[in-house]
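# Descriptive structure summary
Below, each chain spelled out in residue letters.
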Amino acid sequence: MAYVVTQSCCSDASCVVACPVNCIHPAPGEPGFAEAEMVFIDAGTCVGCGACVTACPVGAIVPDTRLREDQRPFVDLAAEYYDVFPHRDRTPVALVPRQRRLRRPGPFRVAVVGAGPAGLYAADELLRHPEVEVEVFERLDVPHGLARFGVAADHVETRRVARLFDQITAQPGLRLHLGVEVGRDVTHEELETRFDAVVHATGAPADRRLGVPGDQLPGVLGATALAEWSNAHPARRDLALQVAPAAGGRAVVVGAGNVALDAARLLVGPLVGAREVLVLGRRGVDAAAFTTPELVGLAGLADASRPDPVDVVLEAGPAPGDGVRARLLAELATRTPVPGRPRVVLRFDAPVAEVTGDDRACGVRLVDGSLLEADLVVGAIGQDWAPVVHDRGRVRPGVYVTGWAKRGPSGFLGTNKSCAQKTVAALLDDLDAGPGPALPVPAGPPRRVRALLTGRSPR
Ligand code: NAP
């Protein structure tokens, strides 16, 4: 028996470190790590010990004997990877990186702004050092950020990552301030003068607007806002009215990334109940930004053994190539929808020129002039993001950035772990270098921060 990594892989590489026979790749330090869509278990070398299953924070690893039919393409994806990267020279030991130790005794206090995956992975890295205490500031009343509000509700396994984040926040060296917004309840400067270092992990602020006439009409939503609404984000309650007309109707999703597929599954699922969801890619199918694991997941919606199967159809010629992805796309292009079933239609070479409607969106007009009626228009074209100038996460000594705020809105949950490791390495270098003209010495004891907040944020 061998194990197989499935679609909810978060790429944080915990499994790689746990594996005693080094059969999971790409591993940290190998080409492709952090850019690969997932990690792969080499079926020929896996000894079936299950150490990776225990380590995986999102329950993505299953024995090949227990794969569902719609998960079978993951066996082929792994085989395809090892055909190209055979990894014959494996060292048969777990890859346990040597733990760095600080040269200066501390104690050091670090403020982390944002309790999403980026901030909590950074806190976890910092807390490997007993000399470091961490205070995390989160503007919402609950932690976990995108892992709570951005992960699709039907990605049940991925949502198990909450357990990992709960373990991180339960560590004795961490103090979590919920309902505290930096910039409103406390200023960045106040943090900077009270902590040895401040790490900003505030993500990317908002869905990018479509940038075409009509994109501000009611009935036009961003995909992240839609996901947040579906996950009961306190600031999104009023979206229910905007989403309601899509029930039993048609929604258009603009964009062809993983977020677009998340939105399509959500819209056609039980929470919204759209009859048809049209996903529009502005370029050809071969340029689609969604990953193969997510395409496998979408295609599996049509599985007739599911309680509510959904047809998934590709309105395009197949993408070139002969790998798992090309074969899957070719198969989707030949599917015939079952009358009466809800469906997701993938259409490419379909750039949008305008959202149509007077006081509410009623469709989109494509650049080729064709009109598509819709009860809801969802933009899934990425996030607004202002790049921050940094060097390995260091904005300047004492101030750091990690996660989407650092590298832009890309990557999987676990990508934030390797991102945080790099930022924390730069921070530790500065702590080791000691105070100087650049690295400020914090003023006052920790209780000063609490006193500061008590006076300002009643929550
Ligand atoms: P993305 O992968 O960058 O995809 C954005 C899509 O929007 C692309 O198809 C892009 O087309 C299109 N687009 C951009 N500007 C456009 C415009 N003006 N008009 C029309 N289309 C436009 O971004 P994302 O889907 O928001 O995902 C962000 C990151 O989160 C990705 O790394 C993704 O993998 C990750 N994520 C992962 C999961 C998962 O693993 N389950 C789930 C959600 C998100 P072009 O290619 O033509 O620019």
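Residues numbered from 1 in each chain as written. Predicted model: local features only at pLDDT ≥ 70, side-chain atom pairs only at ≥ 80, totals over all residues. Heavy atoms only, no water.

## Brief notes about the pairing of strand β16 (residues 363-366)
This is how the line gets drawn: Strand pairing requires that DSSP identify at least two bridges connecting the strands. Strands here are runs of E lasting at least two residues and helices are runs of H or I lasting at least four, both read from the DSSP assignment and numbered beginning at the N terminus.
Pairing of strand β15 (residues 352-356) with β16, which is carried by four bridges, proceeds in the antiparallel orientation. Following the sheet pairing, V352 is matched in β16 by L366. Where β15 hands over to β16, the hairpin turn is made up of six residues, of which G357 adopts a positive phi near 135°. In terms of strand pairing, β16 meets strand β17 (residues 371-373) through three bridges, oriented antiparallel. Residue pairing in the sheet places R365 in a bridge with L371 of β17.

## A few points about the packing of aromatic side chains
Defined as follows: Here is the rule: rings of Phe, Tyr and Trp (six-membered ring for Trp) pair when centre to centre is within 6.5 Å. Planes less than 30 degrees apart are stacked, more than 60 are edge-to-face, and the remainder are tilted. Here, over-ring charges are defined by two tests on the NZ atom of lysine or the CZ atom of arginine: distance to the ring centre within 6 Å, and angle to the ring normal within 35 degrees.
Within this structure, the stated rule accounts for six aromatic pairs. Taking the centre distance of 4.9 Å and the plane angle of 40° together, the rings of Y81 and F85 count as tilted. Seen in terms of ring centroids, F137 and F195 are 6.1 Å apart; in terms of plane orientation they differ by 90°. Their pairing is edge-to-face. With F137 in strand β6 (residues 132-138) and F195 in the loop between α7 (188-194) and β8 (197-200), this pair connects stretches of sequence that are 58 residues apart. An aromatic cluster is defined as three or more aromatic residues linked by ring pairs; in this entry it consists of F40, Y81, Y82 and F85. One cation-aromatic arrangement involves R109 over F195; the distance from NZ or CZ to the ring centre is 5.0 Å.

## Topic: the nonpolar core
Rules: Here the nonpolar core consists of buried residues drawn from Ala, Val, Leu, Ile, Met, Phe, Trp, Tyr and Cys, with membership extended through side-chain atoms lying within 4.5 Å. Think of it in three bands: with a 1.4 Å probe and only protein chains considered, a residue is buried below 20% of the maximum accessible area for its type, exposed above 50%, and partly exposed in between. Any pair of residues with heavy atoms lying within 4.5 Å of one another is described as a contacting pair.
Of all hydrophobic cores here, the largest spans 104 residues; its most connected members are L267, V277 and L346. The contacts of L267, once residues within four sequence positions are left out, are L226, A251, V253, V272, G273, A274, V277, L376 and V378. Residues V254, V345, V352 and A361 belong to the second largest nonpolar core, which totals 18 residues.

## Some thoughts on the pairing of strand β13 (residues 311-315)
Summarising burial for β13: four of the five residues are buried, a large majority. Here β13 pairs with strand β14 (residues 343-347) via five bridges, running parallel. Residue pairing across strands places D311 opposite R343, the latter belonging to β14.

## Section: unusual backbone geometry
Note that the residue after H25, namely P26, is joined by a cis bond; omega there is -5°. Note that P26 resides in the loop between β2 (24-25) and β3 (40-41). Of note, the phi angle at H144 is positive, near 95°, even though the residue is not glycine. Positive phi, normally seen in glycine, also occurs at D349, with a value near 50°. Residue placement: D349 occurs in the loop between β14 and β15. Owing to a relative accessible area of 57%, D349 belongs among the exposed residues under this scheme.

## Here we look at the site of the ligand
Applicable threshold: Being near a molecule or strand, for a residue, means having at least one of its heavy atoms within 4 Å of it. Contacts described as polar in this section are N or O atom pairs within 3.5 Å, which, within protein, must combine one atom able to donate a hydrogen with one able to accept it, while residues neighboring in sequence count only if both atoms come from side chains. Only the protein chains shown count as cover for residues, and the accessible areas themselves come from Shrake-Rupley with a 1.4 Å probe. For this classification, the nonpolar set comprises Ala, Val, Leu, Ile, Met, Phe, Trp, Tyr, Cys and Pro, the charged set comprises Asp, Glu, Lys and Arg, and every other residue, Gly included, is treated as polar.
In the vicinity of the ligand, 21 residues are found, and the nearest of them are A256, N258, R282, R283 and G411. Within the backbone of A256, an N or O atom sits 3.0 Å from an oxygen atom of the ligand. Measuring from an oxygen atom of the ligand, one finds a backbone N or O atom of V259 at 3.1 Å. For the ligand, the accessible surface in isolation is 910 Å², of which the surrounding protein chains cover 77%. The residue makeup of the shell around the ligand, split by class, is nine nonpolar, seven polar and five charged.

## Describing the pattern of salt bridges
Basically, it comes down to this: Salt bridge, as applied in this entry: a Lys or Arg side-chain nitrogen positioned within 4 Å of an Asp or Glu carboxyl oxygen.
What the rule picks out here adds up to 24 salt bridges. Salt-bridge contacts for R184 lead to D185; the nearest nitrogen and oxygen are separated by 2.8 Å. Two residues, D311 and R341, come together in a salt bridge whose shortest N-O distance is 3.1 Å. Residue D311 is located in strand β13, and its partner R341 is located in the loop between α12 (324-334) and β14; the two are separated by 30 residues in the primary sequence.

## Describing the sheet that holds β6
Inclusion rule: Fitted lines through C-alpha atoms give the axes, limited to the stretch in contact for helices. The angle between two N-to-C directions lies from 0 to 180 degrees.
A sheet is described by the order of its strands in space; here six strands give the open sequence β7-β6-β5-β8-β21-β20, paired in mixed fashion. In this open sheet, the two strands that pair with only one neighbour each are β7 (174-178) and β20 (394-396). Taking each pair of neighbouring strands and ignoring which way they run, the sheet shows an average axis angle of 20°. As defined by bridge partners, strand β5 (residues 108-113) adjoins β6 across six bridges and the pair is classed as parallel. Bridging from a neighbouring strand, V110 pairs with V134 of β6. Most of the contacts of helix α14 (residues 415-433) go to strand β21 (residues 399-401), to which it runs at about 165°, and overall it touches β5, β8, β20 and β21.

## Quick word on the sheet that holds β17
Reading across the sheet, the three strands line up as β15-β16-β17 and stay open at both edges, with antiparallel pairing between neighbours. The strands lining the two open edges of the sheet, one partner per strand, are β15 and β17. Pairs of neighbouring strands in the sheet enclose a mean axial angle of 20°, with direction left out of account.

## Some remarks on a negative patch on the surface
Rules: Only residues whose relative accessible area exceeds 30% and that take part in no salt bridge are eligible for patches, with like-charged residues grouped when within 9 Å of each other and nonpolar side chains (Val, Leu, Ile, Met, Phe, Trp, Tyr) grouped when within 5 Å. Think of it this way: Lys and Arg go in the positive column, Asp and Glu in the negative one, and His and the chain ends go nowhere. Throughout, a charge is located at the NZ atom of Lys, the CZ atom of Arg, the CG atom of Asp or the CD atom of Glu.
Among the surface-exposed residues, D76, E80, D83 and D322 lie close enough to one another that they form a single negatively charged patch. Relative to the helices and strands, E80 resides in helix α3 (residues 73-84). Since its relative accessible area comes to 30%, E80 is described here as partly exposed.

## Details of the environment of V136
Mapped onto the secondary structure, V136 falls in strand β6. Linking V136 and L178, residues 42 residues apart in sequence, is a C-alpha distance of 8.3 Å. With sequence-adjacent residues up to four places away left out, V136 is seen in contact with V112, G114, A115, A123, L174, R175, L176 and H177.

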